[in-house]
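# Summary of structural features
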Amino acid sequence: MDIGFIGLGVMGRPMAVNLARAGTGLVVWNRTPARCEAAREAGAAVAASPAEVFRRSGVVFLMLADADATDTVLGRGTPDFAANVAGQVVVHMGTTSPGYSHDLGSAVRAAGGRYVEAPVSGSRGPAEAGRLVAMLAGDPADVDLVRPLVRPMCHETFACGPVPNALVMKLAVNLFLITMVTGLAEAFHFASRHGLDERLFVDVLDAGPMASTVSRAKAGKLAARDFDVQASISNVLDNNRLVAEAARSRGVASPLLDVCHALYGETLTLGLGQSDMAAVLRALEARTEQAQSWGLQFGRGQ
């Protein structure tokens, strides 16, 4: 049977295209039909509904925005749920809370289906290049089934044990990503406001031991003030919330994450929710301008 893929957003669309280009028999669906065109051109069939994807597929990948979208597509809480998932391998690739995924896996298995977590690390660029990293969790036999299927999308895969370990691993990775990119933006802002050559700062960083694929991509975007989305501010805020909730559930301190949450929230307030996470620079600039304004007012008052 064909492989199903539901959810063709910023990440899902290039992932599905890579599956189709690899010769996978693929059936796709997206709430906005126009987003299916690239996958269709790559050889995928386009279904008229999620139910059709499940009817035509033995394994269905879900790359959806959140828990609500996932439940809606699956028909969870309705008789359609069992009809959709019975006999299927449901592969949850989106980023949701570990608790939600654990409960969803139990529901899928109770309805006669199989369940694998497969969140990925990487943004739009790696998704387009087929260079994502997949974290897999579930029954070992199910993980072994899914692992070769994700290879056109992911150049590395890691088995993380039982559900929800893959999502916990993804949140740990995202914690590092969020704090790292925020620190990079603050360092860039610091250099810029001291009058340093921004490109020279990028070159020095790139030549040193702290350089990485992420720093190279984001430093270039900062220098160019290019906020075309790879991972959006809104998405980062959602991920920040999920990490914070998981930390609180175990009594784990996350002070850097709390600071990042405030900054990305301020960036959202500036109307940049659909911009790349590098746009957190705008919140830092706004804080500096406000502090300087207050300083000038204070100075005049004296």
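For the structure, see preceding data.
Residues numbered from 1 in each chain as written. Predicted model: local features only at pLDDT ≥ 70, side-chain atom pairs only at ≥ 80, totals over all residues. Heavy atoms only, no water.

### Focus on the overall build of the chain
Our working definition: Strands here are runs of E lasting at least two residues and helices are runs of H or I lasting at least four, both read from the DSSP assignment and numbered beginning at the N terminus. Each radius of gyration is computed over the set of C-alpha atoms, and the globule rule expresses the reference value as 2.2 Å times the number of residues to the power 0.38. The cut-offs for exposure are 20% and 50% of the maximum accessible area for each residue type, with area from a 1.4 Å probe on protein chains only; residues under the lower value are buried, those over the upper are exposed, and the others partly exposed. Only heavy atoms enter the contact rule, under which two residues are in contact if any of them lie within 4.5 Å.
Per the secondary structure count, the chain includes 14 helices and nine strands. The C-alpha radius of gyration computed for the chain amounts to 21 Å, which stays within 12% of the reference 19 Å derived for 302 residues, consistent with globular compactness. Referenced to the eigenvectors of the C-alpha coordinate spread, the extents of the chain come out at roughly 75 × 40 × 35 Å. Out of the 302 residues belonging to the chain, those deemed buried represent 46%. In the chain, the proportion of contacts linking residues at least 24 apart, taken out of those at least 6 apart, comes to 65%.

### Notes on the pattern of salt bridges
Stated precisely, the cut-off is as follows: The term salt bridge refers to a pairing of a side-chain nitrogen on Lys or Arg with a carboxyl oxygen on Asp or Glu at a separation within 4 Å.
Scanning all chains against the criterion turns up 15 salt bridges. Between Glu52 and Arg56 there is a salt bridge, and its shortest N-O distance comes to 2.9 Å. Of this pair, Glu52 and Arg56 both sit in helix α3 (residues 50-56), four residues apart, which is roughly one turn of that helix. For Arg56, a relative accessible area of 33% gives the class partly exposed. Between Arg114 and Asp142 there is a salt bridge whose closest N-O contact spans 2.7 Å. In this pair, Arg114 sits in strand β6 (residues 114-117) while Asp142 sits in helix α8 (residues 140-146), placing the two residues 28 residues apart along the sequence. Asp142 gets classed as buried once you look at its relative accessible area, which sits at 8%. Shared partners join several salt bridges into a network, and the residues in it are Glu198, Arg225, Arg282 and Glu285.

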